[in-house]
Amino acid sequence: MSEFLNEEGVAFRPGKVSVSDDLSVPGLIRRLGEQTPRRTAMQRKLDFSGTWADVSWAQLISEIRAVARGLIAWGVQPGDAIGIMAHTSYQWALFDLAIQFAGGLAVPIYETDSTSQAEWIIQDAQIRAVVAENAQIASVLEPILKKRNKFEQIWVLSDDGEEKIIAQGNPSLDVEIDRRIDAMKADSLWTIIYTSGTTGQPKGVELTHRNVLHVVMNGPTDDELMKIIAGKGSRTLLFLPMAHVFARFINLVMLYAGRVIGHSPDTKNLVADMQSFKPTFVLAVPRVFEKIYNAADAKAGKGIALRTFRTFAKVAIKYSRALDTPEGPSKKLIAQHALGERLVYSKIKEITGGKLRASISGGAPLGERLGSFFRGIGMPVYEGYGLTETSAPTCVNTPDSLRIGSVGVAYPGCYMKVADDGELLVRGDHVFHRYHNNKKATAEAFTVDGWFRTGDMGRIDDDDFIWITGRKKELIVTAGGKNVAPAQLEDRLRGHPIISQVVVVGDQKPFVAAMITLDAESLPRWLENHDLPPMSVAEAVKDPQVIAAIDRAVKRTNEHVSRAESIRKFELLATDFTIGNGYLTPSLKVKRAKVLEDFSSVIEKIYGE
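Owing to the predicted nature of the structure, the values given are computational and were not obtained by experimental measurement.

Moving on, we come to the sheet that holds strand 6 (residues 127-132). Read across the sheet, four strands follow the order 5-4-6-7 without closing on themselves; strand pairing throughout is parallel. The strands lining the two open edges of the sheet, one partner per strand, are strand 5 (105-108) and strand 7 (153-156). Averaged over all adjacent pairs, the angle separating strand axes in this sheet is 25°, with direction ignored. Sheet topology note: the strand 4 (residues 81-85)/strand 6 ladder contains five bridges and is parallel.

And the structure:
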């Protein structure tokens, strides 16, 4: 990609590793297992004791091969698509690799997908069989099985699915496993991942082994990135859905970097899992960090305890911002920060296991205030950016290259620039080549000279930091001709303890407005802390004091934008936006088009139409 180095306005960081034409993901995993058989590859949580057991490379490879032998004996052929529909777990990672060792393609299906969504993926990818977590998920798949002759099998993990597969194989098939791995090339298809699109049917993104290995192998060559994922005792607990490309990338990069990884399938047990696993860094979406902050605020209660938390939260933010000034924090601020560490910050760290040094956030903007808070308490969140089409990372902040509010500088081996209309464009060996069975969408996704259109608006500053300003398709143009990026308003508002989701509206309208939902989990504690009686969400959206609190939050948000961009009116909705009711994608993005359609009467009420 050296031909882009001289192009004006291109942000890049050269990659140090070029993926050889004969290398594949299972080929790399096999090699790592041979090189370090005794090293711990993963830790697996034991069901009967809740403790974490080491899984050596030798053990991992042995189990991968056992499952792969069973899959081949069952009938998996090279290139066959095998679905996985389950929560993040050790077994998800195991089957992902075993399917590849058998020569197949592991195609993820979100465990939250409906029957119709799963059917679309199974049909479009021509999936032959699915590994399902439990009987409930299998029941989603069974109606599809009855319709399709080529959809032949469901293995249910909770019903000894792994053992049943292993029982079909025999050791003589190891020769066939190695033959299939050796036949794979870097440009062979690695997987098809269906984007959790906010409109229409999800598109199947075809990623090759070269695509994902480009980012897996170049990341650890960067000293700044290794400060996050390396170091003494470095380990991460993965709780993002492994149906998402980011989680699968992290699983591979941790194995390649020789660092320990664990898996947490149920976010209800996440705090307990973090306290027992003690990760040194984690990866999450902004909503997780918002909930950590809001939970800490709610847990502080009221009175002096709440005032103490909020005082030192402000100190953390000021301290973080001062780190970016030439003079740095003042002596007074340093002293206040030290007191905050003893009284507040250390307690938040204990919630995460006490070893957490850093976090990486992606999927949506984190927001400057929240980013400053976490850096200020000693748990910096390094924002990054990427898409399924870019095999996950394309740019990321690092300890020595950090600008809060940005999504960092280009990831090693990645190239970015801004089109004339403000859209971010990407190029590199990590970028996909096509959408599965969708030539039209593929053609629309690339410029004439081969740059991938991300669909996100942004800018690159003089120091090559990339800033996201909003989705191209979501840009609002008011009746007065003002362009408004809803994300900057929505992100700030979601920081309020009882706000769950926000959809800013105003396209071709006289002013900007918002529809806001409440967080049912946070509401009871917030009401108690404000000496208000218990009430349901349906009651709260009509309560004058709740409305007044949201109004104050809206006014604070408006302080950061021009009057033309400010929210003039808002409506509180009694219905939250969730994955279950179809208003959120599995990666927690709001399906804006569906919300605008289904809540059109609310919008009409706002504008008096």
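Once the structure has been displayed, the description carries forward.
Spatially, the three strands line up as an open sheet ordered 8-9-19, and their pairing is antiparallel. The two strands at the open ends of the sheet, each matched to only one other strand, are strand 8 (189-194) and strand 19 (434-435). Of the strand pairs in this sheet, strand 8 and strand 9 (residues 204-208) are connected by five bridges, and their pairing is antiparallel. In the strand pairing of strand 9, isoleucine 192 is matched with glutamate 206.

Contact geometry for helix 1 (residues 25-35) and helix 7 (residues 174-183): axes closest at 8 Å, N-to-C directions at 125°. With respect to their mutual orientation, helix 1 and helix 7 come out oblique. The handedness of the crossing between helix 1 and helix 7 comes out as left-handed. Contact with helix 1, carried on its side by Pro26, Gly27 and Arg30, involves Asp178, Ile181 and Asp182 of helix 7 and no other residues of that element.

With that settled, consider the pairing of strand 14 (residues 381-387). With six of seven residues buried, strand 14 is to be regarded as a mostly interior element. Sheet analysis places strand 13 (residues 358-361) next to strand 14, joined by three bridges and oriented parallel. Bridge pairing in strand 14 links isoleucine 360 to tyrosine 382. In textbook terms, the turn of a hairpin is the stretch between consecutive antiparallel strands, and for strand 14 and strand 15 (residues 392-396) this stretch comprises four residues, one of which, serine 391, has a positive phi near 60°.

What follows concerns the side chain of arginine 235. Tracing the chain through its elements places arginine 235 in strand 10 (residues 235-238). There is no salt bridge for the buried arginine 235, and the closest opposite charge comes from aspartate 54, which lies 6.2 Å off by N-O distance. If we skip the residues at most four places from it in the chain, arginine 235 touches Gln43, Met254, Val260, Phe277, Lys278, Pro279, Thr280 and Phe281.

A few words now on helix 5 (residues 135-147). In a regular helix each residue adds 1.5 Å, so 13 residues correspond to 18 Å; helix 5 covers 19 Å between its end C-alpha atoms and thus fits that length. The principal kink in helix 5, of about 35°, is found at leucine 141, preceding the proline proline 143 by one to four residues. Turning to helix 5, its buried residues are Ile137, Ala138, Val140, Leu141 and Ile144. Structurally, helix 5 contributes buried residues whose contacts are with strand 4, helix 4 (115-125), strand 6 and strand 7. One side-chain oxygen at the N-terminal end of helix 5 lies 3.2 Å from the backbone nitrogen of glutamine 136; it belongs to asparagine 134.

Right, let's talk about the side chain of glutamate 63 for a bit. Take glutamate 63: it is sitting in helix 2 (residues 57-74). Contacts of glutamate 63, omitting those with residues within four sequence positions, involve Arg44, Tyr90, Leu94 and Glu162.

Reading guide: rules and limits
- Residues numbered from 1 in each chain as written.
- Predicted model: local features only at pLDDT ≥ 70, side-chain atom pairs only at ≥ 80, totals over all residues.
- Heavy atoms only, no water.
- Pairing = 2+ DSSP bridges.
- Helix = DSSP H or I, 4+ residues; strand = E, 2+ residues; numbered from the N terminus.
- Axes fitted to C-alpha atoms, helices over the stretch in contact; angles between N-to-C directions.
- Parallel < 35°, antiparallel > 145°, perpendicular 65-115°, else oblique.
- Left-handed = near helix turned anticlockwise from the far one by under 90°.
- Contact = heavy atoms within 4.5 Å.
- Buried < 20%, exposed > 50% of the residue type's maximum accessible area, 1.4 Å probe, protein only.
- Lys, Arg positive; Asp, Glu negative; His and termini not counted.
- Salt bridge = Lys/Arg side-chain N within 4 Å of Asp/Glu carboxyl O.
- Expected span 1.5 Å × (residues − 1).
- Bend = angle between axes of the 7 residues up to and from the residue.
- Polar contact = N/O pair within 3.5 Å; in protein donor to acceptor, adjacent residues only side chain to side chain.

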